[in-house]
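Residue-level structural notes
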Amino acid sequence: ILPIIHHHHPSYLLQVRYTYIQYITMAPLTSILMLALLHCGLSFSPVAVVPSQQGAKEASTSTSLGMTPRYDPFIQRWGAMEPDEEASAGYSPFGSLIRQGPLPFIQRLIDGDKYDQGVLKMMANSYEEMDRNEAQGNMDAYLNNPNDWALQKVEEKNGAAKFDYANANMDPLLLALTATWSSILLTIVGRVVYVGVNGCDQFCRDYHF
């Protein structure tokens, strides 16, 4: 190339030199621009903006649990989010007595607020949707016998049939038998208390009771 350049006019030689220098100067700038465009293209590629499955799962979970009782860390209490989650939507302490006996009944009479907080927590932490009556039924069963209740839940997770704690011991015939037995028991207890306070009366002397 050099012999050909030397045979041309000096002005042509200057033009070739200027073109060569311009190419050498612009080459790094062109490379930098190409790299910048490539980086921008990768940054705005579809892969970068697609949410992960974990994030989608968490969003779905947050939405599905939006109507369950929630815990307020500032006052450290569970709160109902809907009217059907409040205490008024559930059954009375007498309902606890019928379903699971005296232990949950006494607990509700002694500390009803603690019982209510336990019910709301159970509704929020349940692995499946649970209404107020079902949560109270589970809480009553737990207070009556926590070991049996926990064992039942383990068996249900392993495929066993779900036990209906909300309607436990609510069969009409069973209720009639319970009422009869309770009446007899209360009569005996009342009679013992009466004799203990007032002494043996004529009925006591005749029937030794």
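What counts and how
Residues numbered from 1 in each chain as written. Predicted model: local features only at pLDDT ≥ 70, side-chain atom pairs only at ≥ 80, totals over all residues. Heavy atoms only, no water. pLDDT = per-residue confidence, 0-100. Helix = DSSP H or I, 4+ residues; strand = E, 2+ residues; numbered from the N terminus. Contact = heavy atoms within 4.5 Å. Polar contact = N/O pair within 3.5 Å; in protein donor to acceptor, adjacent residues only side chain to side chain. Axes fitted to C-alpha atoms, helices over the stretch in contact; angles between N-to-C directions. Parallel < 35°, antiparallel > 145°, perpendicular 65-115°, else oblique. Nonpolar A, V, L, I, M, F, W, Y, C, P; charged D, E, K, R; others polar. Salt bridge = Lys/Arg side-chain N within 4 Å of Asp/Glu carboxyl O. Buried < 20%, exposed > 50% of the residue type's maximum accessible area, 1.4 Å probe, protein only.

Now for the confidence of the model for the protein. Low-pLDDT portions of the prediction should not be read for the details of their coordinates. Overall, the prediction assigns the protein a mean pLDDT of 75, with 68% of residues at 70 or greater. When mean pLDDT is compared element by element in the protein, helix α8 (residues 132-144) scores highest at 96, while helix α3 (residues 46-49) scores lowest at 32. Here residues 16-66 is a poorly scored stretch, pLDDT under 50, and it has two contacts once near neighbours within four places are set aside; other chains count.

This part covers the side chain of R108. Along the polypeptide, R108 turns up in helix α6 (residues 102-110). A distance of 2.9 Å separates the side chain of R108 from the side chain of S96, its partner in a polar contact. Those residues in contact with R108 that lie beyond four places of it in its chain are Y91, S92, P93, S96, Y115 and Q136.

Closest axis-to-axis distance for the α6/helix α7 (residues 112-125) pair is 5 Å, and the angle between their directions is 115°. The angle between α6 and α7 places the two elements in the roughly perpendicular class. Contacts from Q107, R108 and I110 of α6 reach α7 at G112, K114 and Y115. The residue inventory of the contact of α6 with α7, partitioned by class, reads two nonpolar, two polar and two charged.

This next bit is on the pattern of salt bridges. Applying the stated rule across the entire model yields six salt bridges. Measuring nitrogen to oxygen at the nearest pair gives 2.8 Å for the salt bridge that ties E128 to K162. One end of the pair, E128, is in the loop between α7 and α8; the other, K162, is in the loop between α9 (146-157) and α10 (172-198), and 34 residues separate them in sequence. On the accessibility criterion, K162 (43% relative accessible area) is partly exposed.

With a phi angle near 55°, Q76 is a residue other than glycine that sits in the positive phi range. With respect to the helices and strands, Q76 occurs in the loop between β1 (70-72) and β2 (77-79). Located in the positive-phi region is N169, a residue other than glycine, with phi close to 60°. Of note, N169 is situated in the loop between α9 and α10.

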